[in-house]
There are 2 protein chains.
Amino acid sequence: MKDKIPYKIYLNEDEMPTHWYNLRADMKNKPSPLLNPATGKPLKAGELTPIFCEELVKQELDDTTPFIEIPKEIRDFYKMYRPSPLVRAYCLEEALDTPAKIYYKFEGNNTSGSHKLNSAIAQAYYAKKQGLKGVTTETGAGQWGTALSMACAYLNLDCKVFMVKISYEQKPFRREVMRTYGASVVPSPSEATEVGRKILAEHPGTTGSLGCAISEAVEVAVKNPGYRYVLGSVLNQVLLHQSIIGLETKTALDKYDVKPDIIIGCAGGGSNLGGLIAPFMREKLRGEADYRIIAVEPASCPSFTRGTFAYDFADTGMICPLAKMYTLGSSFIPSANHAGGLRFHGMSTILSQLYHDGYMEAVAVEQTSVFEAAVQFARTEGILPAPESSHAIRTAIDEALKCKKTGEEKNIVFGLTGTGYFDLVAYQKYNDGTMTDEIPTDEEIAASIARLPKVDA
Amino acid sequence: MKDKIPYKIYLNEDEMPTHWYNLRADMKNKPSPLLNPATGKPLKAGELTPIFCEELVKQELDDTTPFIEIPKEIRDFYKMYRPSPLVRAYCLEEALDTPAKIYYKFEGNNTSGSHKLNSAIAQAYYAKKQGLKGVTTETGAGQWGTALSMACAYLNLDCKVFMVKISYEQKPFRREVMRTYGASVVPSPSEATEVGRKILAEHPGTTGSLGCAISEAVEVAVKNPGYRYVLGSVLNQVLLHQSIIGLETKTALDKYDVKPDIIIGCAGGGSNLGGLIAPFMREKLRGEADYRIIAVEPASCPSFTRGTFAYDFADTGMICPLAKMYTLGSSFIPSANHAGGLRFHGMSTILSQLYHDGYMEAVAVEQTSVFEAAVQFARTEGILPAPESSHAIRTAIDEALKCKKTGEEKNIVFGLTGTGYFDLVAYQKYNDGTMTDEIPTDEEIAASIARLPKVDA
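All of these numbers come straight from a predicted model, not from anything done at the bench. (Residues numbered from 1 in each chain as written. Chains lettered and ligands numbered in written order. Predicted model: local features only at pLDDT ≥ 70, side-chain atom pairs only at ≥ 80, totals over all residues. Heavy atoms only, no water.)

1. Some thoughts on the overall build of chain A
- Scanning chain A for helices and strands turns up 18 helices and 15 strands.
- Over its C-alpha atoms chain A spans a radius of gyration of 20 Å, differing by no more than 12% from the 23 Å that the globule rule assigns to 457 residues.
- Burial status across chain A gives 66% buried among its 457 residues.
- Considering only contacts within chain A whose residues lie at least 6 apart along the sequence, 77% involve residues at least 24 apart.
- For chain A, the accessible area works out to roughly 15,100 Å², and carbon and sulfur atoms hold 49% of it.
- Here chain A carries 49 positive and 55 negative side-chain charges, and the mean point of each set is 3 Å from the other. (Helix = DSSP H or I, 4+ residues; strand = E, 2+ residues; numbered from the N terminus. Rg over C-alpha atoms; globule rule 2.2 N^0.38 Å. Buried < 20%, exposed > 50% of the residue type's maximum accessible area, 1.4 Å probe, protein only. Contact = heavy atoms within 4.5 Å. Areas by Shrake-Rupley, 256 points an atom, 1.4 Å probe, with all protein chains shown as cover. Lys, Arg positive; Asp, Glu negative; His and termini not counted. Charge placed at Lys NZ, Arg CZ, Asp CG, Glu CD.)

2. What to know about helix α8 (residues 172-180) of chain A
All names here are of chain A.
- Counted residue by residue, α8 has 7 buried out of 9 residues, so it is predominantly covered.
- Within the span of α8, buried status applies to F173, R174, R175, E176, V177, M178 and T180.
- Just downstream of α8 lies G182, where phi reads positive at about 90°.

3. Concerning the domain arrangement of chain A
Residues and elements named next belong to chain A.
- According to the domain assignment, chain A consists of domain 1 (8-16 + 82-113 + 236-449) and domain 2 (21-68 + 116-229).
- The interface of domain 1 with domain 2 comprises 53 residues on the first partner and 53 residues on the second.
- Regarding the contact of domain 1 and domain 2, the summed buried area is about 4,600 Å², with carbon and sulfur atoms giving 60% of it.
- The three residues of domain 1 that bury the most area against domain 2 are S112, Q237 and F422, which together make up 16% of that side's buried surface.
- Linking domain 1 to domain 2 there are 3 salt bridges.
- Here R286 ties to D26 by a salt bridge, and the two come within 3.1 Å at their closest N and O atoms.
- Joining domain 1 to domain 2, the criterion identifies 16 residue pairs in polar contact (both at pLDDT 80 or more). (Domains from an automatic or database assignment. Buried area = accessible area lost by both parts, 1.4 Å probe. Salt bridge = Lys/Arg side-chain N within 4 Å of Asp/Glu carboxyl O. Polar contact = N/O pair within 3.5 Å; in protein donor to acceptor, adjacent residues only side chain to side chain.)

4. What to know about the relation of the copies chain A and chain B
- In the superposition of chain A on chain B (RMSD 0.0 Å, axial shift 0.0 Å), the rotation amounts to 180°. The operation mapping one copy onto its partner corresponds to a two-fold rotation axis. Judged by C-alpha distance, N109(A) is the residue of chain A that lies nearest the rotation axis, at 3.0 Å.
- Of all interface residues in chain A, 100% are interface residues in chain B too; the two copies therefore contact each other through one and the same surface. (Least-squares fit on C-alpha atoms with pLDDT ≥ 70 in both.)

5. Overview of the nonpolar core
- Of all hydrophobic cores here, the largest spans 191 residues; its most connected members are W20(A), F304(A), M360(A), W20(B), F304(B) and M360(B).
- For M360(A), the contacting residues outside a window of four places in its chain are L273(A), I277(A), M281(A), I293(A), A295(A), F304(A), L351(A), L354(A) and Y355(A). (Core = buried A, V, L, I, M, F, W, Y, C linked by side-chain atoms within 4.5 Å.)

6. Regarding the environment of K133(A)
Residue and element names in this part refer to chain A.
- Along the chain, the position of K133 falls in the loop between α5 (117-129) and β6 (134-139).
- Overall, K133 belongs to the exposed group, its relative accessible area being 55%.
- Between the alpha carbons of K133 and N156 there is a distance of 8.9 Å; along the sequence they are 23 residues apart.
- If we skip the residues at most four places from it in the chain, K133 touches L157, D158, P225, G226 and Y227.

7. Structural notes on the interface of chain A and chain B
- Contact with chain A, which involves 43 residues of that partner, is made by 43 residues of chain B.
- Here chain A packs against chain B, burying approximately 4,000 Å² in sum over the two surfaces, 58% of which is carbon and sulfur.
- Counting the surface chain A buries against chain B, the share from its top three residues, F173(A), T180(A) and Y421(A), is 18%.
- Taken together, chain A and chain B are joined by 2 salt bridges.
- The residue R179(A) makes a salt bridge to D432(B) at a minimum N-O spacing of 2.9 Å.
- Counting across the interface, chain A meets chain B through 23 residue pairs in polar contact (both at pLDDT 80 or more).
- Those elements that provide at least two residues to the side of chain A that touches chain B are α3 (72-81), α6 (143-155), α8, α15 (367-381) and α17 (424-432) of chain A.

8. Considering the sheet that holds strand β8 (residues 184-188) of chain B
Residues and elements named next belong to chain B.
- Read across the sheet, 4 strands follow the order β8-β7-β6-β9 without closing on themselves; strand pairing throughout is parallel. The strands lining the two open edges of the sheet, one partner per strand, are β8 and β9 (227-229). Mean inter-strand twist for the sheet, computed between neighbouring axes without regard to direction, equals 25°.
- One ladder, built from 6 bridges, connects strand β6 (residues 134-139) with strand β7 (residues 158-164); its direction is parallel. Bridging across to β7, G134 finds its partner in D158.
- Together, β6, β7 and β8 form the strand contacts of helix α8 (residues 172-180), whose direction differs from that of β7 by roughly 175°. (Pairing = 2+ DSSP bridges. Axes fitted to C-alpha atoms, helices over the stretch in contact; angles between N-to-C directions.)

9. A closer look at the sheet that holds β6(A)
All names here are of chain A.
- One open sheet accounts for 4 strands, arranged β8-β7-β6-β9; its pairing is parallel. If you trace the sheet from one side to the other, it starts and ends with β8 (184-188) and β9 (227-229), each paired once. The mean inter-strand angle of the sheet, taken between neighbouring strand axes irrespective of direction, is 25°.
- Here β6 pairs with β9 via 3 bridges, running parallel. Along β9, the bridge assignment pairs V135 with R228.

10. What about the side chain of E381(B)?
- On the secondary structure map, E381(B) appears in helix α15 (residues 367-381).
- The side chain of E381(B) is buried and forms no salt bridge, while R88(B), the nearest opposite charge, is found at 8.5 Å.
- For E381(B), the side chain forms a polar contact with the side chain of Y104(B), separated by 2.8 Å.
- With residues near it in sequence (within four places) discarded, E381(B) still touches M80(A), V87(B), R88(B), A89(B), Y90(B), C91(B), L92(B) and Y104(B).

11. A look at the packing of helix α6 (residues 143-155) of chain B against α8(B)
Residues and elements named next belong to chain B.
- The contact between α6 and α8 brings their axes to 8 Å, and the two run at 15°. One way to sum up the angle between α6 and α8 is to call them roughly parallel. Crossing hand, α6 versus α8: left-handed. Counting all contacts with α6, which are made through Q143, G145, T146 and S149, the residues of α8 involved are R174, V177 and M178.
- When the residues that make up the contact of α6 with α8 are grouped by side-chain class, the tally is 2 nonpolar, 4 polar and 1 charged. (Parallel < 35°, antiparallel > 145°, perpendicular 65-115°, else oblique. Left-handed = near helix turned anticlockwise from the far one by under 90°. Nonpolar A, V, L, I, M, F, W, Y, C, P; charged D, E, K, R; others polar.)

12. Quick look at the state of the cysteines
- Here the structure, examined in full by the defined rule, presents 0 disulfides over all chains.
- For C53(A), which is in no disulfide, the shortest distance to another cysteine sulfur is to C152(A) and amounts to 10 Å.
- For C53(A), a relative accessible area of 0% gives the class buried.
- For the unlinked cysteine C91(A), the closest cysteine sulfur is that of C152(B), found at 16 Å. (Disulfide = S-S within 2.5 Å.)

Structure (structure tokens):
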């Protein structure tokens, strides 16, 4: 077997997916609809189009069409950095001395350094097609902002990025990459928006959060003609675009007759996990196959494992629609000492529903153990992983070590969403031995959950 | 044609080269031998083995064996990040509106961010095989140091890196990557060596140079039992290992019946250029085919275009063997405002001989025009290139624009040696408009050339 499966499985261009897969079409219990926070009623397309591009609103609301064609222009862009390799982790297997066979889908081989580009180009394309001037967005670790800047540069669209303040300060080079691609980058919360000024007044000295940057970006999009807001995770449309990850993975595995036993992905807002598992979950939903699917989240921001399944705002400023999801409450802000990414308080409504219905498991892992796994992976497999991706590595290693005990030759597939080249401040903390684990208390979580909006749905 | 050639040509594992190609075997005028600076006589293997590993000394001195087998262990490591893609630059061609067809061999898809890993793993492997404890080296931009750290981590070898001080300060994150892979990193010149202390006394406040860092690394290797020195460029053995770049490129082009008209590579010490052109130069040397081959160097460190062909030291401390090469003099230190890499005063003896014999051309380009090309490339092709690689981009674009004028559909191949993710200080300078061109005066070059050692050979 070892001789048959190459270190990296690449698809040819003619094997690349031509359609995205829409998980919702096969879900019996559909994700609950977005609600208008003012009325408590499900949002209609017309209420969303001032915020989002028209075609993306259509994709956001479509829970019946299983396959949606990828426009040729986007497929051409994908060819610049896709297909991404599915790597057989021979060296890691050897280092762990495990009978498990480990595969990872590596999405970091592009300048944005992650899978985010898959949805960035789609969203930028539809904005361009609609004749818009530009888009606004938020970015945390900076992966999404970089991805969007690249897509906008390619299509000649203006790009305004609100970057979570702590990342802006810890990652000056991320900002410079975005500038190189022509984007303007503002640390959030900022004085540039009403909601930013309000948050700064209430929490002077805050290091920011994704939820807060989202509020600012939405405000600017709504107030500036010719602009719309785009988001790199959480949304249904994003999971749709990211399904390319899973579709390629499945095609690559099928070529070598490999059936995964366990599929593992890190989960912040859910974009990578939702994309990676899409075609496998399809088979599971249709009763055609079974897989163990594990979401891995940071112990410092544990929406699945310690949050509640309820309607909540996606943003801190509470100007976004309400979404039913696993959430820690939109006022929850993870410790500033958390360096591992995945800082979002909520979770994709699709994944939340699937988790609620028992189709997925979730585990929370602590950041020092995540960086330990990251360094082991870097030294054996060569690639320096993003902290986010390293959550999946941690759990993949843990599962492989269980196989070592039981002697089972399980096939483990995980998503290596990106590289850590702009996360060296975090690595330095780990290398210096000054990294700590930052776990919220039950009281902290209860307090922010107590502030959830009251919704009857 | 456009529909036939994919955006990226990947080889399968069974198409990957099994042998390195040794250019010297086909050269009529062999590169001049290394000389012992004390005696002025050609160095024998026994004089080199205190500095270099035995097998590498053999490779260094072998100018007759054309193909040398790549050990299986190294080929396995190569499979972790190779074959690298040969990319058809469809988007750049469109942006330039040129009839030329542009291809680039992209060596940046690994954590070291460049082609340097190709030789790092080979040198570390032979050190390990010889039973050594560790290796010492220098690094400038940090690509080589990172590559060597990765290779040493993989093989459990100790790794001591002297990093040119200006890079150490401008690239703290590079240092952190090396530390993550377990290497120790010292800014050069340092107080840790005799030669470092001497240079610091003579030039207090110097920002360092590759030549100076080499002296320090060699001193530590020679003085510490169980250690040898390794070098990422210039040497014959390095060009041998880097021939994998050209061999893969040629196989990929042959698959689609593409014959390059022009082959372009950046040239600092010559490792990438020598590797990229190897199989093409073979045909040229044997009269089987003809190609225009262009070395691109920075106007701030123009060894080919303004240097002299003479015996010189590879290091500032003048403790290394003498090599006959195009050189600006080992006391030449490029302006500290030069941010574009390729700061070495000399050049590979192989490439120097080939250039001297008329097999290659050379051009020098200024750094603002290099970064202009880099940004254009980033925005069209997606990849943020290393400043070094961007020298080749500059000239590839210039040649493609000539084709636009003449209407010629030339095939242009260039080496995209790496990514610029750790060069954002330089990009920031360019983005801020504060980058300047730094061209040495004739007097400056004459002064350092006047200090060349006197050798009759």
